[in-house]
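A structural walkthrough
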Amino acid sequence: MQLRYSFRLYPNGPQRVALAQAFGCARVVFNDGLRARRDAHEEGRPYPKTGELSKQLITEAKKTPGRAWLGEVSSVVLQQSLRDLDTAYKNFFGGLKGKRPRMGAPRFKSKRDTRQSIRFTANARWKITTGGDLSLPKVGDVRVKWSRALPSTPSTVTVVKDSAGRYFASFVVETEPTEVVPETDTEVGIDLGLGHFAVLSDGTKVDSPRFLRRAEKRLKKAQRELSRKQKSSSNRGKARVKVARAHARVADARREFHHQLSTKLIRENQAVAVEDLAVKGLARTRLAKSVHDAGWSAFVGMLEYKAARYGRTFMRIGRFEPTSQVCSACGVKDGPKPLSVREWTCEACGAVLDRDINAAVNVAKAAGLAVSACGAQVRRAPVPAQRGETGTHRDGRTTVVGIPHL
């Protein structure tokens, strides 16, 4: 399996200039290739191959006065930009044929894009120095903050500059799922929500951190300051970076929460089941901000790849499974319920069920996991005492306690 590791980079002044030049050259080559393919399509000619574009837009273009500056950066970066364009077209046509999710056609890149990236392959002869720096061709030895060791030799490295002005080195490594944790008998179903981020079939409830909601005051202040700056001014650029950094802090905190919770669930359970949620549909409702703040898709993706990595079982059940309509104790379906109903009583068996825990148990059962309803914290509804059982018993006779007159 392929894993991606990201580490923070700290380039100095000249290195930032060299990286900015590489970002710009890669963007220009990408746009030139996209323009050549669009012209071929409009004229009815077949799309030019990547090799033809490489010769025309890189090798020959370097000899012209208008593109001579392409020779100041690594040629591998420019070739990878054309490969990215080819991949974008393959994904676009694959979506039209139904082989993958639909996506738009490739678009031109702008120099005003706040996120830039370039990729180096082994042909670029980049390396990690003995001092722990990342040596990049025509950039230099860039300082890296290593948070962990790479499990194997990486095949490529992608240098990314995000909207907040931070630099990252992203490595892709090939590894086998050898990190198998000790087996356990525990299996769990997970119900994702907004009131609680996750509710487990054993009754555990994980509160939703609501990182975006908690940072709204700070974000509004930064956004308000940005709106008051004059366009195209240096102060507006500084304010934009301030807004981007505020959003980056929220995204980093959410990602850290997802990683910690997903790792904990995978290590403690042999099998994990979740419901396939219609996130895109929910994101078009009045709950859109809360849905995006929760980040369910990213969390489920972490569960899936960590289960494969640590030798666990991961399952998804269909989104149309009536997990909130079926009693986990007796299996009777009594219809949908409004979201305001958080606890309900089964009319068939009289069990009082917590809505979220009951759904988590049903998720586990739908996935075929060995989860019993006793983990759902169900309890019998109070049954009114029969008339013959009221009062006290003395000498085998029933004595009804009288109510004094007031």
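Computed from a predicted structure; not experimentally measured.

1. Digging into a nonpolar patch on the surface
Taken together, the side chains of Tyr47, Phe93 and Leu96 make up a nonpolar region of the molecular surface, amounting to roughly 250 Å² of accessible area. Within the fold, Phe93 resides in helix α3 (residues 75-96).

2. A closer look at helix α5 (residues 216-227)
Across its 12 residues, α5 extends 16 Å between first and last C-alpha, which sits within 8% of the 16 Å expected from 1.5 Å per residue. Within α5, the full set of buried residues consists of Glu216, Leu219, Ala222 and Leu226. Across the axial projection of α5, the buried residues extend over an arc of 130°, all falling on one side. Facing away from the buried side of α5 by over 90 degrees, the exposed positions are Lys217 and Lys220.

3. As for the state of the cysteines
What the rule picks out here adds up to 0 disulfides. There is no disulfide at Cys349, and the cysteine sulfur nearest it, in Cys346, is 3.6 Å away. Looking at Cys349, the relative accessible area reads 23%, which means it is partly exposed.

4. Notes on the sheet that holds strand β3 (residues 127-128)
By definition, the strands of a sheet pair up through backbone hydrogen bonds, in either a parallel or an antiparallel sense. Here 7 strands make up an open sheet; going across it, the order is β2-β6-β7-β1-β5-β4-β3 and the pairing antiparallel. Each edge of the sheet is formed by a strand with only one pairing partner; in this case those strands are β2 (116-120) and β3. Here β2 runs beside strand β6 (residues 156-161); their pairing, made up of 5 bridges, is antiparallel. Across the sheet, the residue bridging to Phe120 is Val157, located in β6.

5. What to know about the sheet that holds strand β9 (residues 196-200)
Strand order in this open sheet of 5 strands is β10-β9-β8-β11-β12, and the pairing throughout is mixed. Edge strands, defined here as strands with exactly one partner in the open sheet, are β10 (205-207) and β12 (313-317). Strand-to-strand twist in this sheet, taken as the mean axis angle between neighbours without regard to direction, amounts to 20°. Of the pairings in the sheet, the one linking β9 to β10 comprises 3 bridges and is antiparallel in character. Bridge assignment links Ala198 to a residue of β10, and that residue is Val206. Packed on one face of the sheet, helix α6 (residues 234-268) meets β8 (187-192), β9, β10 and β11 (271-275) and runs near 0° to β9. Running over the sheet, helix α10 (residues 355-366) touches β8, β9, β10, β11 and β12 and is turned about 130° from β8.

6. Quick notes on the packing of aromatic side chains
Considering all chains together, one arrives at 11 aromatic pairs under this definition. Summarising the aromatic geometry, the rings of Phe197 and Phe257 are spaced 5.2 Å apart at their centres and angled 75° between planes, so their arrangement reads as edge-to-face. Taken together, the residues Phe197 in strand β9 and Phe257 in helix α6 connect sequence positions 60 residues apart. Note on Phe197: relative accessible area 1%, which makes it buried. The class of Phe257 is buried, set by a relative accessible area of 17%. Among the aromatic residues, those joined into a ring-pair cluster are Phe7, Trp126, Trp146 and Phe171. The ring of Phe30 carries Lys109 above its face, with NZ or CZ at 4.4 Å from the centroid. One Lys or Arg, Arg267, reaches over the ring of Tyr310 and ends 5.1 Å from the middle of that ring.

7. Quick notes on the layout of surface pockets
What the largest pocket holds in volume is close to 1200 Å³. What lines the largest pocket is a set of 32 residues, among which Arg4, Tyr5, Ser6, Arg255 and His259 lie closest to the centre. The element that contributes the greatest number of residues to the lining of the largest pocket is α6, accounting for 10 residues. Tallied by class, the residues present in the lining of the largest pocket amount to 12 nonpolar, 8 polar and 12 charged. Quantified by volume, the second largest pocket comes out at close to 850 Å³. Lining the second largest pocket are 30 residues, with Leu192, Leu277, Ser324, Leu339 and Arg355 sitting closest to its centre. Counting residues per element, the lining of the second largest pocket draws most heavily on α10, at 3 residues. Grouping the amino acids of the lining of the second largest pocket by side-chain chemistry returns 15 nonpolar, 6 polar and 9 charged.

8. Quick look at unusual backbone geometry
Positive phi, normally seen in glycine, also occurs at Arg125, with a value near 60°. Notably, Lys138 is not glycine yet its phi reads approximately 60°, a positive angle. Relative to the assigned elements, Lys138 resides in the loop between β4 (134-136) and β5 (140-145). Here Lys138 falls in the exposed class, since its relative accessible area comes to 52%.

9. Looking at the nonpolar core
Ranked by internal contacts, the top residues of the largest apolar core, which has 37 residues, are Ile118, Phe120, Leu134 and Leu136. The element contributing the most residues to this core is helix α1 (residues 13-42), with 8 residues. Look past the residues within four positions of Ile118 in its chain and what remains in contact with it is Leu19, Ala22, Phe23, Ala26, Val77, Val157, Thr158 and Val159. Within the second largest apolar cluster, 30 residues are counted, among which are Ile266, Val279, Trp296 and Phe299.

Quick notes on the rules
Residues numbered from 1 in each chain as written. Predicted model: local features only at pLDDT ≥ 70, side-chain atom pairs only at ≥ 80, totals over all residues. Heavy atoms only, no water. Patch = residues over 30% accessible without salt bridge, like charges linked within 9 Å, V, L, I, M, F, W, Y side chains within 5 Å. Areas by Shrake-Rupley, 256 points an atom, 1.4 Å probe, with all protein chains shown as cover. Salt bridge = Lys/Arg side-chain N within 4 Å of Asp/Glu carboxyl O. Helix = DSSP H or I, 4+ residues; strand = E, 2+ residues; numbered from the N terminus. Expected span 1.5 Å × (residues − 1). Buried < 20%, exposed > 50% of the residue type's maximum accessible area, 1.4 Å probe, protein only. Arc of directions from axis to C-beta. Disulfide = S-S within 2.5 Å. Pairing = 2+ DSSP bridges. Axes fitted to C-alpha atoms, helices over the stretch in contact; angles between N-to-C directions. Contact = heavy atoms within 4.5 Å. Phe/Tyr/Trp six-rings, centres within 6.5 Å; stacked < 30°, edge-to-face > 60°. Lys NZ or Arg CZ within 6 Å of the ring centre and 35° of its normal. 1 Å grid on protein atoms, 1.4 Å probe; cavity = no way out; pocket = protein on both sides within 12 Å on 5 of 7 lines; lining within 4 Å. Points joined across faces, edges and corners; volume = space filled by probe spheres on them. Nonpolar A, V, L, I, M, F, W, Y, C, P; charged D, E, K, R; others polar. Core = buried A, V, L, I, M, F, W, Y, C linked by side-chain atoms within 4.5 Å.

All we've got here are geometric facts, nothing functional implied.
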